[in-house]
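Coordinate analysis (summary)
The chain contents come next:
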Amino acid sequence: MAAPVPFRFTFRAMAAEHELQLFAASHADARRVADAAIADVARIEAKYSRYRDDSVATQINRAAGKAPVAIDAETAALLHYAQQVFDLSDGRFDITSGVLRRAWDFKAKPARLPSTASIEEARALIGWQRVDWDDRTIRLPERGMEIDLGGIGKEYAADRAATICVEHGIVHGLINLGGDVRAIGSQPDGTPWRIGIRDPRRDDRAIAVMEVADGAVATSGDYERYFDLDGRRYCHLLDPRTGMPVSHWQAISVVAPLCVVAGSCATVAMLLEARAIPFLDAQRWPYLAVGPDGAVHRSA
């Protein structure tokens, strides 16, 4: 039997570019697996995107202040995970906080700050603890409230894609969904995968390399959606308690068994600002944090 060789497949979904690197005996075998994984990423996007009129998220949001909406087991599992991260973050990771985008426009030219009134209007609609839900239904109690699963959706899709690849016989591979990486096994020679972590202030170079085998690396940072105004950077990571962007770290990367765990830990750490390092140490996953001055902090 021929030794497996790497095949790469690129595609676009969830407003980002993605790549699958799969080791297989032939291109046809790899293509078959890649098609199945890519189809599931598209399924997850269609099911949970707030930008689609027919998505589960839109149905739930449209019914805010009205009757409960029926949900399936997959959606209930995601909500249970969102609850865990909400509790772990002392309420900072809140899937109802997406309404703050009504106040913050990171594409506006020229850049401008939202009014205090618009921030407070949005904050009044935030509160995961107010939502009525169980394994069968969910109800947002107030009209105008929303849930937004974007904070875990891409990472969940990476984990699902990896699971599908393994079920189809892939032993070595990398799933890279817009920089969130899930490794299937090790490299064929048994060494860990080496994942470059981009410099948050220079997208043309890596600031470090993290090693992972049969696990995941995810990064949260202030450099994807932001604007600079009067010498300060305002990024898209918003603290639901204040309605304001976080500002302590340039980026935080975490290695964990699952991409959704790595991603949520990195995001919670960004939201915790000065308390990030004790939080990350308590989780016991390897991490790399880039401070406001560019200094790199690593796990022990």
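Right, let's walk through the structure included here.

Conventions adopted
- Residues numbered from 1 in each chain as written.
- Predicted model: local features only at pLDDT ≥ 70, side-chain atom pairs only at ≥ 80, totals over all residues.
- Heavy atoms only, no water.
- Helix = DSSP H or I, 4+ residues; strand = E, 2+ residues; numbered from the N terminus.
- Expected span 1.5 Å × (residues − 1).
- Buried < 20%, exposed > 50% of the residue type's maximum accessible area, 1.4 Å probe, protein only.
- Contact = heavy atoms within 4.5 Å.
- Pairing = 2+ DSSP bridges.

**Comments concerning helix α5 (residues 150-167)**
With 18 residues, α5 extends 26 Å from end C-alpha to end C-alpha; this agrees with the ideal 26 Å at 1.5 Å per step. Turning to α5, its buried residues are Ile152, Gly153, Lys154, Glu155, Tyr156, Ala157, Ala158, Asp159, Ala161, Ala162, Ile164 and Cys165. Against the buried residues of α5 lie β2 (16-24), α1 (27-48), α3 (73-88), β6 (173-177), β7 (180-184) and α6 (259-272).

**A closer look at the sheet that holds strand β4 (residues 132-133)**
Here 3 strands make up an open sheet; going across it, the order is β3-β5-β4 and the pairing antiparallel. In this open sheet, the two strands that pair with only one neighbour each are β3 (69-70) and β4. Bridge analysis of β3 against strand β5 (residues 137-139) gives 2 bridges, and the strand direction is antiparallel. Among the inter-strand pairings, Ala70 is bridged to a residue of β5, identified as Thr137.

**Observations regarding the pairing of strand β15 (residues 251-256)**
A regular strand places its side chains so that they alternate between the two faces of the sheet. The buried fraction of β15 amounts to 6 of the 6 residues, a majority that puts the element mostly inside the structure. Side chains of β15 alternate between two faces, with Ala251, Ser253 and Val255 and Ile252, Val254 and Ala256 buried alike. In this sheet, β15 lies alongside strand β10 (residues 216-221) in antiparallel orientation, the contact comprising 6 bridges. Bridging from a neighbouring strand, Thr219 pairs with Ser253 of β15. With 4 bridges connecting them, β15 and strand β16 (residues 287-290) associate as antiparallel partners. Opposite Val254, over in β16, you have Tyr287 as the bridge partner.

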